[in-house]
Amino acid sequence: MKLRRTPSAPRSPRLCKVGTAAPTRQNPTERFQVVIYLAKNSPAFPELEMRSCEEYALTHNWDVTLTVVDDETEKPPEQRPLLLAALQTVKDKGAGAILAPSKTAVSPIDGEFDEFAAQVEKAGGFLQVACR
């Protein structure tokens with residue numbers, strides 16, 4: 001299990017709470033913030049998946065607040081502390097979305113993926129799959 005602060009993200013004493021949220025009328029210059037969630041299914045670091053998500057974020061002019069690399073992928077979404085940390089970042093308004101390289105990164109089971117996506121929406125954000 002690893003939480004990794006994106007180098008361009010501002011330093012903060014709390015890993016899951018980073019200074020900016022989605023642009024608002026009061027502060028329209030701030031860029032939209034996302035959390036990248038990567039499921040580590042093998043011993044190798046998921047470099048291609050991370051780059052895919054970073055490129056997707058760049059294409060949409062989004063800043064990456066936090067990158068989460070989770071190796072507890074055999075558990076259901078509600079039992080993965082790092083996936084829940086990504087969700088908490090959305091709840092805390094540190095990001096407006098969770099960006100994953102594929103639906104299976106969150107869950108290979110459609111119902112579980114949809115349930116987690118609904119939780120992210122309830123928190124005020126959205127779950128986005130980075131399509132190539």
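Structure first, text after, so check above.
Structural notes, computed from the coordinates.

Conventions we followed
- Residues numbered from 1 in each chain as written.
- Predicted model: local features only at pLDDT ≥ 70, side-chain atom pairs only at ≥ 80, totals over all residues.
- Heavy atoms only, no water.
- Helix = DSSP H or I, 4+ residues; strand = E, 2+ residues; numbered from the N terminus.
- Phe/Tyr/Trp six-rings, centres within 6.5 Å; stacked < 30°, edge-to-face > 60°.
- Buried < 20%, exposed > 50% of the residue type's maximum accessible area, 1.4 Å probe, protein only.
- Core = buried A, V, L, I, M, F, W, Y, C linked by side-chain atoms within 4.5 Å.
- Contact = heavy atoms within 4.5 Å.
- Salt bridge = Lys/Arg side-chain N within 4 Å of Asp/Glu carboxyl O.
- Pairing = 2+ DSSP bridges.

**Describing unusual backbone geometry**
Of note, the phi angle at Asn61 is positive, near 65°, even though the residue is not glycine. Take Asn61: it is sitting in the loop between helix H1 (47–59) and strand E3 (63–70). At Lys93, a position not held by glycine, the phi torsion is positive, near 65°. Relative to the helices and strands, Lys93 is located in the loop between helix H2 (81–91) and strand E4 (97–100).

**Here's the deal with the packing of aromatic side chains**
Under the counting rule described, the total for this entry stands at four aromatic pairs. Between Phe32 and Phe126 the ring centres are 5.7 Å apart and the planes differ by 10°, which places this aromatic pair in the stacked class. One end of the pair, Phe32, is in the loop between strand E1 (2–5) and strand E2 (33–39); the other, Phe126, is in strand E5 (residues 126–129), and 94 residues separate them in sequence. With relative accessibility at 16%, the residue Phe32 sits in the buried group. Assessed through its relative accessible area of 27%, Phe126 is described here as partly exposed. Ring geometry for Trp62 and Phe126: centres 6.0 Å apart, planes at 65°, overall edge-to-face. Pair noted here: Trp62 is in the loop between H1 and E3 and Phe126 is in strand E5, with a separation of 64 residues, a long-range link.

**Considering the nonpolar core**
Formed by 22 residues in total, the largest nonpolar core has its most connected members in Ile98, Val106, Phe116 and Leu127. When residues of this core are traced back to their parent elements, those giving at least two are E2, E3, H2, E4, helix H3 (103–106), helix H4 (110–122) and E5. A per-element tally of this core places H2 first, with five residues. Ignoring any residue separated from it by four or fewer positions in sequence, one finds Leu127 in contact with Ile98, Val106, Phe113, Phe116, Ala117 and Val120.

**Concerning the environment of Pro46**
Mapping Pro46 onto the fold places it in the loop between E2 and H1. Put simply, Pro46 and Pro101 are 55 residues apart on the chain and 10.0 Å apart in space, counted from C-alpha to C-alpha. Beyond its immediate sequence surroundings of up to four residues, Pro46 is in contact with Leu38, Ala39, Lys40 and Val69.

**A look at the pattern of salt bridges**
Going through the model one piece at a time under the given rule, you end up with four salt bridges. When the shortest N-O distance is used, the salt bridge between Glu72 and Lys75 registers 2.6 Å. Lys75 sits in the partly exposed class, given a relative accessible area of 37%. Residue Lys103 pairs with Asp110 through a salt bridge whose shortest N-O separation is 3.8 Å.

**Some remarks on the pairing of E5**
The side-chain alternation of E5 yields one buried face, formed by Leu127 and Val129, and one unburied face, formed by Phe126 and Gln128. With four bridges joining them, E4 and E5 adopt parallel strand pairing. Residue pairing for E5: Leu99 is matched across the bridge by Gln128.

Worth remembering: the numbers are spatial, not functional.
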